[in-house]
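Coordinates in review
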Amino acid sequence: METGTLFGWAFGDPARENDGAYMAGLEQEAQKNATETAHARGVTVVAGSEVFTSLSAHDSLVELDHAPGQLVVRCTVHVEGPGAGQLHAEGPMNG
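As a starting point, this report considers the structure included with it. (Residues numbered from 1 in each chain as written. Predicted model: local features only at pLDDT ≥ 70, side-chain atom pairs only at ≥ 80, totals over all residues. Heavy atoms only, no water.)

Looking now at the overall build of the protein. The helix and strand tally for the protein stands at 1 helix and 6 strands. Overall, the protein shows an N-to-C arrangement of helices and strands of β-α-β-β-β-β-β. Within the protein, the fraction of its 95 residues that count as buried is 34%. Restricting the contact set of the protein to residue pairs at least 6 apart, pairs at least 24 apart contribute 73%. (Helix = DSSP H or I, 4+ residues; strand = E, 2+ residues; numbered from the N terminus. Buried < 20%, exposed > 50% of the residue type's maximum accessible area, 1.4 Å probe, protein only. Contact = heavy atoms within 4.5 Å.)

If you want it as structure tokens, here you go:
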């Protein structure tokens, strides 16, 4: 079966990035976004493949000026199904 990767995103308040429950909620939102993106592309998320990355404007070299709230949680997942081999999470985009 073909496999690939996709991103999901969530945006939040950088003042709350030390709040574990708040960050867990953003991770769930990012994972939900990744799952919805996968379904829209006709593939499924491989269970347990999620990896989370948090970026905030004060501790990152990434330009976040246009990110809502300037705290970004990204969820990268592996996907499988027809055409999944053409899906690659790269940079800020799903390609």
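That covers the picture; the talk isn't over yet.
Here the focus is the pairing of strand β4 (residues 71-80). Two faces make up the sheet, and in a regular strand the side chains alternate between them. Taking burial as the measure, the 10 residues of β4 include 7 buried ones, the bulk of the element. The pairing of strand β1 (residues 3-12) with β4 spans 10 bridges and is classified as antiparallel. If you follow T5 over to β4, its bridge partner there is H78. Here strand β2 (residues 44-45) runs beside β4; their pairing, made up of 2 bridges, is antiparallel. (Pairing = 2+ DSSP bridges.)

Time to look at the pattern of salt bridges. Within this structure, the stated rule accounts for 2 salt bridges. Between R16 and D19 there is a salt bridge whose closest N-O contact spans 3.3 Å. E36 is the salt-bridge partner of K32, the closest N and O atoms lying 3.9 Å from each other. With K32 and E36 both in helix α1 (residues 20-40), this residue pair falls 4 residues apart, about one helical turn. Given the relative accessible area of 53%, K32 is considered exposed. The partly exposed category is assigned to E36, whose relative accessible area is 45%. (Salt bridge = Lys/Arg side-chain N within 4 Å of Asp/Glu carboxyl O.)

It is worth spelling out the environment of Q86 at this point. Along the polypeptide, Q86 turns up in the loop between β4 and β5 (89-90). Residue class for Q86 comes out exposed when judged on its relative accessible area of 60%. Sequence separation between Q86 and G4 is 82 residues; the distance between their C-alpha atoms is 6.7 Å.

Attention now goes to the nonpolar core. L6, M23, L26, V43, V77 and V79 are the most contacted members of the largest nonpolar core, which totals 16 residues. Counting residues per element, the ones that place at least two in this core are β1, α1 and β4. In this structure, V79 is in contact with E2, T3, G4, T5, L6, A38, V43, T44, V45, V46, A84 and L87, ignoring residues within four places of it in sequence. (Core = buried A, V, L, I, M, F, W, Y, C linked by side-chain atoms within 4.5 Å.)

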